[in-house]
2 protein chains.
Amino acid sequence: MKLTVKLLDIANRGVLLHSTDAQNIRVRDGDRVQIADETAGISVQAHVDTTSSLIEPGVIGVYRPLNATLAASEGTPVEVRSAERPLSLSYIKKKMDGGRFTKDETLEIVKDIVDDTLSPGEITAYVTASYINGLDMDEVEYLTRAMVETGERLQFTRHPVVDKHSIGGVPGNKITLLIVPIIAASGLRIPKTSSRAITGAGGTADLMEVLAPVSFPAAEVQKMTEKVGGAIVWGGATNIAPADDKIITYEYPFRIDARGQMIASVMAKKFAVGADIVVIDIPVGRNTKIATPQEGRKLAREFIELGERLGMRVECALSYGESLVGHTIGPNLEVHEALAVLEGAPEPNSLIQKSLSIAGIALEMAGKAAYGQGFDMAADLLRSGKALEKMRQIIEVQGGDPTVKAEDIVPGEYRFDVRAPQDGYVIELNNSALVTLARLAGSPYDHGAGLDIHAKKGTRVRKGDPIFTIYADREWRLERAIEVGRVLMPVVVEGMVLERIPPERWV
Amino acid sequence: MKLTVKLLDIANRGVLLHSTDAQNIRVRDGDRVQIADETAGISVQAHVDTTSSLIEPGVIGVYRPLNATLAASEGTPVEVRSAERPLSLSYIKKKMDGGRFTKDETLEIVKDIVDDTLSPGEITAYVTASYINGLDMDEVEYLTRAMVETGERLQFTRHPVVDKHSIGGVPGNKITLLIVPIIAASGLRIPKTSSRAITGAGGTADLMEVLAPVSFPAAEVQKMTEKVGGAIVWGGATNIAPADDKIITYEYPFRIDARGQMIASVMAKKFAVGADIVVIDIPVGRNTKIATPQEGRKLAREFIELGERLGMRVECALSYGESLVGHTIGPNLEVHEALAVLEGAPEPNSLIQKSLSIAGIALEMAGKAAYGQGFDMAADLLRSGKALEKMRQIIEVQGGDPTVKAEDIVPGEYRFDVRAPQDGYVIELNNSALVTLARLAGSPYDHGAGLDIHAKKGTRVRKGDPIFTIYADREWRLERAIEVGRVLMPVVVEGMVLERIPPERWV
């Protein structure tokens, strides 16, 4: 039936129908309608809410995110009818029943995810079925290609193009802020798209945003990379592999970490930016995503195989994942730490070693350094100041202040030192508790919020020594973090003798 | 933070926050908030939409279905904060990973489904994981009990209480309209809750609504049953096993028919109405839910075992499911057909035989008839007019007109006869195509819409004989049904020789 568009500023990809109209076209709350603006030649699907009073019969309330596609103006007449069931639902059902996705089916599903034809519930079903019944390497390849095809791509004329990715799960992993300028300083190109924090205290995009804007369309990322050799941007703004963000959104409530989807999602982004050479950092250890080296090697082989299928050279680095990288968690604190290293600071060792190792692998793969010489070459690029110079160019090309110094980036004004309750050793530093504290203190939204860890695991401390400092931009957030920190106990200090076992009783 | 309630008439169980407020309490679109009306002592969870203009900062828009629980009035101050992740999500994740639900976990999930703590996507994940990884008989029992506990129950003082259920999948299955009055006429009690059509052309509730109101609270259903021995109501209005409706809603897009959930859902309703004696009709055949007698027997054993665990006596009847029951599809047509049988019409045979058989099983189980005598007793109750008298009492107690006659219930004024294109036999009558036509003609919403099938499978017809008639209340719907019918070809007429195989060529 013909209805007239009324634009409603609600951030939900649906429409609002008067219940009389809904009844006439035979749809109920949550059903799907097809909305066609015949003059403009645009037709979209959306899910229905109903009302008896908010709008008149004859009017269709179009919510904001839907109108990004429909692009109708107030009063536009549109044809609205009950929508056909999308084919992708039967493909998802097939996976529930243990079947395999074909290439075409995968593309259809991913298209329907990207253009919101599938509802959140339906995407959840896709994610769940793929997680439970798994995807084989063919299906992972189809998914990767479908994610690339349904988004934008960079097309560099000069190669090789380098990219890197960290699987995540380790706090304070600010290595991208060192690796990108090192690689770019070597003359290679590295258009790095990064994520914002989902569960962490700051994704690389959150960190880079301290220094410069990070939201650019794909074409702009390509131009900036061509100009200065590298960029560090937020992938979410580029429309590169946009299906991935949605899939992750629906995995998040269940903490689903579906292997096949994760590999496809990482590799789709690398493929879409035109990378030839990819280094994957796989942190291994308790409390990371990958518990053992065996598991890490298996994952590495899968990345490498998928790379071969897509024509990309992939190497993986298993890294130590049980302790945070560097000493800081939170945007300003981490950026300060990374900039200081670029400016010549001799530590923290964990940050420098890891960054140089991974940059070195990429330099060797690209033929910039002989096998075994990549680390040293990366170290030279860092120590000579060339990486710092390159970072300043990257900051400038992204619209930040290239004269910025580490000392300019300061933590929040409210601080609290957590001190050792007794002499002893730091026998436990709970990463996820530390991240929770940093988030409570305001990280990553409040750039000054976060933690500075003075005594990592194994360090000898005396009673009253500061073990870590919590920083916040707002006093009440600091207080909340302190309060919760008392319960969470992210740090345990004990004597080297942990427990005295008394002699057995004489029976 | 404290926000002020503004009621919004939108049929979606969520709230609308100004984006500034959303940012302050750290939630994004689709996230979950806890809303507490501290004065009233009510706290509920809901999912968030955001806006920058529809409401002011400081205001929370509460949608209609949510306010059914929150019961706040315009201007009520409420405390709104980002909600904790419900525990049931980790239980669902455990099922994804192949684990088993405990009794407590099942109850927690079902509670969260009933009070809308879980989002549609999360319920879909539950349904999907349970479907793929299955539920064992313990888990099915837990689910049944949880569905019963989270809804209302009938408590009859006089027993036995009888109930019946048809698994569905056969069109025109109006047997409940005969079985309930027959059982009630025998002196037994049968409080029958029925569903509305989901994919069919009419559920029993849609049919009964032609004769009387069908929406009653559970207590009313009990009173009516105590008064006249039976009732035929819409289960959706009773709040009996309310989790079931929601689970079905999220299975529907995928046509999931999860065995364990289906058994639990059927048996929860029987248990909640206090039934001691249950007959399950399992139609078997191609195009029904159960393809073979073997499969039907397996399902029957599961129903019987679950019944034993819950203290109910269950018998199952495998019935012929390949052809419609009686000759009609659609509310008025089916009700007319059933009433006519109650009034003494000697056919249709398929309807009478099936109804008497199933009623007979219940009469034998309840000890009203000796083993092997139930069918005859049911036939006596029908032929003597006692069942008709009882049906009139049931119609009256539900608020309908007890003097109604079959001839009063007429089909829609617009009709079209589909005639045999040639002499021959009806070799195919496609049930699902017939249902589609009935729905296109307006069934079950337009009560007069539906089909009257004159020549069932195997009938000899002459060119021009009417095979079936399409009825509609509105002309344009009739036309649409005719148009689609031309393409669907629900009936195939052929000579008995279907194909001539020519002699092999001489090579």
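Worth saying up front: this structure is predicted, and the values here are computed from it rather than measured. (Residues numbered from 1 in each chain as written. Chains lettered and ligands numbered in written order. Predicted model: local features only at pLDDT ≥ 70, side-chain atom pairs only at ≥ 80, totals over all residues. Heavy atoms only, no water.)

Engineer: Looking at this model, I keep getting lost on the interface of chain A and chain B. Mind explaining?
Structural biologist: Frequently, the measure chosen for interface size is the accessible area that the parts lose on association. Counting residues at the interface gives 41 residues for chain A and 42 residues for chain B. Applying the counting criterion to the chain A and chain B interface returns zero salt bridges. A per-element tally of the side of chain A that touches chain B places helix 5 (residues 120-133) of chain A first, with 10 residues. Its residues assigned to classes, the side of chain A that touches chain B comprises 17 nonpolar, 11 polar and 13 charged. (Contact = heavy atoms within 4.5 Å. Salt bridge = Lys/Arg side-chain N within 4 Å of Asp/Glu carboxyl O. Helix = DSSP H or I, 4+ residues; strand = E, 2+ residues; numbered from the N terminus. Nonpolar A, V, L, I, M, F, W, Y, C, P; charged D, E, K, R; others polar.)

Engineer: Can you walk me through the relation of the copies chain A and chain B in this structure?
Structural biologist: Both copies of the chain are related by a screw-like operation: a rotation about an axis and a shift along it. Once turned by 180 degrees and shifted 0.0 Å along the axis, chain A lies on chain B with an RMSD of 0.1 Å. This pairing of chains is accounted for by a two-fold axis. Considering only C-alpha atoms, the residue of chain A closest to the rotation axis is Gly121(A), which sits at 1.7 Å. In this assembly, 100% of the residues forming the interface of chain A have copies in chain B that are likewise at the interface, indicating an isologous arrangement. (Least-squares fit on C-alpha atoms with pLDDT ≥ 70 in both.)

Engineer: Mind showing me how you'd approach a negative patch on the surface here?
Structural biologist: Judged by side-chain charge, Glu343(A), Glu396(A), Asp401(A), Glu407(A) and Asp408(A) come together as a negatively charged surface patch. Counting through the fold element by element, Glu407(A) comes out in the loop between helix 16 (386-397) and strand 13 (414-419). (Patch = residues over 30% accessible without salt bridge, like charges linked within 9 Å, V, L, I, M, F, W, Y side chains within 5 Å. Areas by Shrake-Rupley, 256 points an atom, 1.4 Å probe, with all protein chains shown as cover. Lys, Arg positive; Asp, Glu negative; His and termini not counted. Charge placed at Lys NZ, Arg CZ, Asp CG, Glu CD.)

Engineer: What am I meant to see in the UniProt feature "binding site: AMP" (unreviewed entry) in chain A here?
Structural biologist: Residues and elements named next belong to chain A. Per the UniProt record, "binding site: AMP" (unreviewed entry) is annotated on Gly 169, Ser 195, Arg 196, Ala 197, Ile 198, Thr 199, Gly 200, Thr 204, Ser 265 and Lys 289. Within the secondary structure, Ala 197 is located in the loop between strand 8 (190-194) and helix 8 (204-208). With relative accessibility at 19%, the residue Ala 197 sits in the buried group. With sequence-adjacent residues up to four places away left out, Ala 197 is seen in contact with Gly 202, Gly 203, Asp 206, Arg 439 and Pro 444. Relative to the helices and strands, Lys 289 resides in the loop between strand 10 (277-284) and helix 12 (293-310). (UniProt positions renumbered as here; feature names shortened; annotations may be inferred. Buried < 20%, exposed > 50% of the residue type's maximum accessible area, 1.4 Å probe, protein only.)

Engineer: Is there a simple way to explain helix 10 (residues 242-251) of chain B in this structure?
Structural biologist: Because the α-helix completes a turn every 3.6 residues, residues three or four places apart line up on one side. Within helix 10 of chain B the residues assigned to the buried category are Pro242(B), Ala243(B), Asp244(B), Ile247(B) and Glu251(B). Buried-residue contacts for helix 10 of chain B involve helix 4 (103-114), helix 5 (120-133), helix 6 (137-149) and helix 11 (259-272) of chain B.

Engineer: What is the right way to read the domain arrangement of chain A from this model?
Structural biologist: Residue and element names in this part refer to chain A. Domain boundaries in chain A define domain 1 (2-82), domain 2 (88-134), domain 3 (162-239 + 259-406) and domain 4 (414-494). Averaged C-alpha coordinates put domain 3 and domain 4 at centres separated by 27 Å. Listed by partner, the interface residues are 24 residues for domain 3 and 19 residues for domain 4. Both sides together, the interface formed by domain 3 and domain 4 hides about 1600 Å², and carbon and sulfur atoms give 55% of it. Ranking the residues of domain 3 by area buried against domain 4 places His 327, Ile 329 and Leu 333 at the top, with a combined share of 30%. For the pair domain 3 and domain 4, the interface holds zero salt bridges. (Domains from an automatic or database assignment. Buried area = accessible area lost by both parts, 1.4 Å probe.)

Engineer: Sorry if this is basic, but what is going on with the sheet that holds strand 11 (residues 313-320) of chain B here?
Structural biologist: Backbone-to-backbone hydrogen bonds pair the strands of a sheet. The strands run either parallel or antiparallel. Residues and elements named next belong to chain B. On the basis of which strands lie adjacent, the open sheet formed by three strands has the order 7-10-11 and parallel pairing. Because the sheet does not close on itself, it has two edges, and the strands there are strand 7 (162-166) and strand 11. Adjacent strand axes in the sheet meet at a mean angle of 20 degrees, parallel and antiparallel pairs treated alike. Two elements, strand 7 and strand 10 (residues 277-284), share five bridges in a ladder whose sense is parallel. Across the sheet, residue Asp 163 finds its bridge partner in strand 10, namely Val 278. (Pairing = 2+ DSSP bridges. Axes fitted to C-alpha atoms, helices over the stretch in contact; angles between N-to-C directions.)

Engineer: Is there a simple way to explain the environment of Val33(B) in this structure?
Structural biologist: Turning to its location among the elements, Val33(B) is positioned in strand 3 (residues 32-37). With residues near it in sequence (within four places) discarded, Val33(B) still touches Val15(B), Ile25(B), Val27(B), Val44(B), Gln45(B), Ala46(B), Val48(B), Val80(B), Arg81(B), Ser82(B) and Ala83(B).

Engineer: How should I be thinking about the nonpolar core in this particular structure?
Structural biologist: A general tendency of soluble globular proteins is for nonpolar side chains to be buried together. With 124 residues, the main nonpolar core has Phe303(A) and Phe303(B) as its most contacted residues. With near-sequence residues (within four places) excluded, Phe303(B) lies in contact with Ile167(B), Met262(B), Ile263(B), Val266(B), Met267(B), Ile280(B), Val314(B) and Cys316(B). With 53 residues, the next largest nonpolar core counts Leu188(A), Leu351(A), Ala366(A) and Met391(A) among its residues. (Core = buried A, V, L, I, M, F, W, Y, C linked by side-chain atoms within 4.5 Å.)

Engineer: Is there a simple way to explain the pattern of salt bridges in this structure?
Structural biologist: Between side chains of opposite charge, a pair can form as their charged atoms come close. Taken as a whole, this structure holds 54 salt bridges over all chains when the rule is applied. With a closest N to O distance of 3.0 Å, Lys354(A) and Asp281(A) form a salt bridge. With Lys354(A) in helix 14 (residues 349-365) and Asp281(A) in strand 10, this residue pair connects regions lying 73 residues apart in the sequence. There is no split in this pair, since Lys354(A) and Asp281(A) are both buried. Asp206(B) is the salt-bridge partner of Arg196(B), the closest N and O atoms lying 3.2 Å from each other.

Engineer: I tried to follow the sheet that holds strand 7 (residues 162-166) of chain A on my own but got confused; where do I start?
Structural biologist: All names here are of chain A. In space, the three strands of this open sheet follow the order 7-10-11, with parallel pairing throughout. In this open sheet, the two edge strands, each paired with only one partner strand, are strand 7 and strand 11 (313-320). The sheet shows a mean angle of 20 degrees between the axes of neighbouring strands, direction not considered. Sheet analysis places strand 10 next to strand 11, joined by eight bridges and oriented parallel. If you follow Ile 277 over to strand 11, its bridge partner there is Arg 313. Those strands touched by helix 14 are strand 7, strand 10 and strand 11, and its axis lies near 150 degrees from that of strand 10.

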